[in-house]
Every structure is written in structure tokens, then in C-alpha cells.
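# Structure at a glance
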Amino acid sequence: MTMQHVFPTYQRFPFVIEDGQGVHLTDNHGNTYLDFTAGIGVCNFGYHQPQIQQAVAEQLTHIWHTSNLYENDLQDQVAGLLTHGEDRLVYFANSGTEANEAALKLARKYTGKTNILAFQHSFHGRTYGAMSMTGNPHIQAGYAPLVPGISFAPYNDEAALAQITPDLAAVILEVVQGEGGVYTGEQAWLQHVNAKCQATGVLLIIDEVQTGIGRTGYRMAYEGYGLDPDIYTVAKGLANGIPVGAMVGRKQFASAFGPGSHGSTFAGNALAMAAANSILTQLTPELLAEVRDHAATLWHALETQVAPLPAVKQLTGKGLMVGIHLDEQLPVSQVITQLQAAGLLTLSAGDNTLRLLPPIVMQPDDLLAGVATITQVLSALTTEV
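Values in this document were obtained by computation on a predicted structure and should not be read as measured data.

## A short note on the overall build of the chain
Assigned secondary structure in the chain consists of 11 helices and 17 strands. With respect to the three principal axes, the spread of C-alpha positions in the chain is 60 × 55 × 45 Å. Counting across all 385 residues of the chain, residues that qualify as buried make up 53%. Of the contacts made within the chain by residues no fewer than 6 positions apart, 71% connect residues no fewer than 24 positions apart. Positive and negative charge centroids in the chain, built from 17 and 33 side chains respectively, lie 9 Å apart.

## Concerning the side chain of Asp207
Assignment of secondary structure puts Asp207 in strand 10 (residues 203-207). The buried charged residue Asp207 lacks any salt bridge partner; its closest oppositely charged side chain belongs to Lys236, at an N-O distance of 9.1 Å. Here the side chain of Asp207 touches Asn100 through a polar contact of 3.0 Å, side chain to side chain.

## With respect to the packing of aromatic side chains
Aromatic ring pairs are defined here through the distance separating the ring centres and the angle between the ring planes. The full count for this structure, using the stated rule, is eight aromatic pairs. With a centroid separation of 5.3 Å and 20° between ring planes, the pair formed by Phe15 and Tyr33 is classed as stacked. Of the two residues, Phe15 sits in the segment before strand 1 (17-21) while Tyr33 sits in strand 3 (residues 32-35), which places them 18 residues apart along the sequence. By relative accessible area, which is 5% here, Tyr33 ends up buried. Each ring, one from Tyr155 and one from Trp189, has its centre 5.1 Å from the other, and the planes form 70°; the classification is edge-to-face. Pair noted here: Tyr155 is in the loop between strand 6 (150-153) and strand 7 (168-173) and Trp189 is in helix 7 (residues 187-200), with a separation of 34 residues, a long-range link. Among the residues examined, Tyr155 registers a relative accessible area of 13% and is labelled buried. You can call Trp189 buried: its relative accessible area is 2%. These aromatic residues form a ring-pair network of at least three members: Phe13, Phe15 and Tyr33. Directly above the ring of Tyr218 sits Arg292, whose terminal nitrogen or CZ lies 5.0 Å from the centroid.

## Focus: the pairing of strand 11 (residues 231-234)
Of the two faces of strand 11, the one lined by Ile231 and Thr233 and the one lined by Tyr232 and Val234 are each fully buried. In this sheet, strand 12 (residues 245-250) lies alongside strand 11 in antiparallel orientation, the contact comprising four bridges. Bridging across to strand 12, Thr233 finds its partner in Met247.

## Topic: the nonpolar core
Judged by nonpolar contacts, the single largest core of 90 residues is most densely connected at Val171, Ile324 and Leu354. Element by element, the count of residues in this core is highest for helix 9 (residues 285-306), at nine residues. For Leu354, the residues in contact, after removing those within four places along its chain, are Val322, Gly323, Ile324, Leu326, Val332, Val335, Ile336, Leu339, Thr346, Leu347 and Ile374.

## Thoughts on the environment of Gly263
Mapped onto the elements, Gly263 comes out in the loop between strand 12 and helix 8 (270-282). For Gly263, a relative accessible area of 48% gives the class partly exposed. It is 8.4 Å that separates the C-alpha atoms of Gly263 and Asn68, two residues lying 195 residues apart in sequence.

## A few points about the pattern of salt bridges
One pass over the full model with this rule turns up eight salt bridges. For the salt bridge of Arg250 with Asp230, the shortest nitrogen-to-oxygen distance reads 2.8 Å. Here Asp230 lies in the loop between strand 10 and strand 11 and Arg250 lies in strand 12, a separation of 20 residues in the sequence. As far as burial versus exposure is concerned, Arg250 and Asp230 are alike and both buried. Across the salt bridge formed by Glu328 and Lys313, the nearest N and O atoms sit 2.7 Å from each other. Here Lys313 lies in strand 13 (residues 312-318) and Glu328 lies in the loop between strand 14 (321-326) and helix 10 (332-341), a separation of 15 residues in the sequence. We classify Glu328 as exposed; its relative accessible area is 54%. A relative accessible area of 47% means that Lys313 is categorised as partly exposed. A single salt-bridge network, built from bridges that share partners, covers Glu86, Arg88, Asp228, Asp230 and Arg250.

## Remarks on the sheet that holds strand 11
Strand order across the open sheet formed by seven strands is 4-12-11-10-7-5-6, with mixed pairing between neighbours. Across the chains shown, the open sheet's two edge strands, defined by having one partner strand only, are strand 4 (88-93) and strand 6. For this sheet the average axis-to-axis angle between neighbouring strands, irrespective of direction, equals 20°. With six bridges connecting them, strand 4 and strand 12 associate as antiparallel partners. Bridge pairing in strand 12 places Tyr91 opposite Met247. Where helix 3 (residues 73-83) meets the sheet, its contacts fall on strand 4, strand 11 and strand 12, and the angle it forms with strand 4 comes to roughly 125°.

Reading guide: rules and limits
- Residues numbered from 1 in each chain as written.
- Predicted model: local features only at pLDDT ≥ 70, side-chain atom pairs only at ≥ 80, totals over all residues.
- Heavy atoms only, no water.
- Helix = DSSP H or I, 4+ residues; strand = E, 2+ residues; numbered from the N terminus.
- Buried < 20%, exposed > 50% of the residue type's maximum accessible area, 1.4 Å probe, protein only.
- Contact = heavy atoms within 4.5 Å.
- Lys, Arg positive; Asp, Glu negative; His and termini not counted.
- Charge placed at Lys NZ, Arg CZ, Asp CG, Glu CD.
- Salt bridge = Lys/Arg side-chain N within 4 Å of Asp/Glu carboxyl O.
- Polar contact = N/O pair within 3.5 Å; in protein donor to acceptor, adjacent residues only side chain to side chain.
- Phe/Tyr/Trp six-rings, centres within 6.5 Å; stacked < 30°, edge-to-face > 60°.
- Lys NZ or Arg CZ within 6 Å of the ring centre and 35° of its normal.
- Pairing = 2+ DSSP bridges.
- Core = buried A, V, L, I, M, F, W, Y, C linked by side-chain atoms within 4.5 Å.
- Axes fitted to C-alpha atoms, helices over the stretch in contact; angles between N-to-C directions.

Right, dumping it as C-alpha cells:
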């Protein structure tokens, strides 16, 4: 089957995912897969998760949508869970790119400055502001002129500190660059960036769209590095597949984001808020500790079984966010197709990288089964090459 009525903006695999249960998915041919994609880091709690399903089903019996012209207790409840007792406020959006657009607007309006520093190989979304902050020329190709005032620095490089100067409104970064190749920022470097921003009066924006909601074993990845962002954005895992995004900023920024300064028709939709409320309620310290434990099991298996293979150049990532960097003679697209045939769904990222984003609730037996499949497929493909 080839899709006839949709713009071909995606390279699609030739099957339809029709159902899911737990951490497994079933396609239209009756094939079942172990899911190491989570819908690109979205379905962190897997599929048909009872608490989330019940929360959304209950909300369906009430209101689905009202405009943001009225007070909304459910939005405020979710915002309270998201800010986690900190002195911050939330702006709800519909996606990660919208959350990053809101962060860009807030930073410029609050500081009265326009210049933004982003990083090479970053990804912040595909709308104009977010795309302009994305350090990937391939994604920007054909869309000039981009939003002005945005420059780029090398990631994980102390030389970048010299580019953090008082004329900037903000610095935006990912703690782990997901689309760019699953490259993790070094803790010392990230803290130096944070300190330089504070010393120069520059806002620090951390994009947690892919790394947030438990992906690295922390509520937000920055918490594992001792960082203190002025603004952070979150989306993918926040409602387990119902579109939602959020920008979280210091309460003092409210003066720049008053009535009429920004808005969205669908943002904070009741179904998304019901799902997000369930997820944030379940994102307990005990669950996060379990994620870290299970991630340690996964990494041990990867380091002992996958890393030694000739086709593997290096492993990168954090928590349940993994990059397996492959030799250029073995295209990642070929590996993904062979893994699908073996019953495992995976992703790609920049630099010929096999990307793994299993649901954060996946148990060790399934994580180890996935590693065994990857080991088997890579071993066979290496022999063929």
C-alpha cells in the first residue's frame, strides 16, 4: 500500500501499526513487535496503560474542548504537577516546536534583546523560530530567510563559552542531542554554560522535548546534571501520544507574557490535560529510581554484547535514550529494516546512528530481549558486509 492523499514529507515503512499492548505493537499483517521507539519518545508508558486510558475515557464523558477564555482547573492542576513546587509558571502548547517558539518569544520579550545562541547538530522543531534555532542545515534547506539574530556554537566545547555574551537574550540547548545523534552533554560543560549565562544575565532555555518525563531516569534530564534553567520546554512524553507541549519559566517572567501576548486555540485541551495529569501523578520518585535501575541493566548489556561488534563505533546517550553509532559501511536504514523483520522497532538519528527509545516502563526481560535481537542482527549484517 502506498499513501495517495498525503504530502510525502516522511519516508514511511510499508506497514500500518494497528494496535498496541504494553510495550508491544501489532501491524496490519498480524506481525507483533517489541517497541524500542515509543512513538519517537512519546509513549513512555506504553500502550493501553490502564490509568491513562481511564483518565482520558472519563474526560470524554465531560468536556473535550473549551477555549482558553475561561478558567481551567485541570490545566492549573497539571501545571502545578509540572512545576513540581518550584516558583515557575506554565504555558501550554500543542507540540514541542510550539513550546520552543513560546520560549523564543518569551526570552526576547522579557529581556528586550533579540540574539539567541544555539548549538550545532541541535534540533528544536520545524516551525520558523524553532527551525532557525536548529543546528542542522539539512532541515533548514530551502526555507531562507530564517529568523534573524540566531547564531551557533560547538556543542560540548569550552570554546562555546566565549559566545555567551550580555547581548544575548538566551542560550538554548538539549542536555542530550537526540536527533543530532544522541550525544550527551558533559556535566562540567553544561554547568559551565549555566554559570556563564547567570554571570552575563542571559536566559538559559533547556529543550526537554525528548529528554523529559523520565526518559533519562529523572523528571527532566537537567535535574541529573545540577542545572537551573530559566525556561524549559517539554512535549513528547507529557500526554503519552495525545498532542501537547509546555513551556515552563520563572514566575518573574509573567510580566512579559500577559493577556494577548501569546495564545493557541487547542493548547491545554481537556483530553491532553487528563492524560498529562495521569502521567505526572505516576511519575513518582520510585518509578524514576526503577527507570535508572533498568537503564543500568540495558547499558550493561549493550556494553558487553553490542559495543564489541565490529560494526559498532561507539555507544552514546543517557538512561533509556541510546545511540548505537554504526560503521559507515553499514547504513542504519538497512539495520532498522532487518530489526523489523526480527520483530524489533527502532529509530535512526544523525551520524548513521541506531537510536533506541523504549517506553520507560519496559521491564528488564524485554530490554534484554531487544539487545539480544540487535546483537544477532548486527552480527549477521557484519558477516554479510
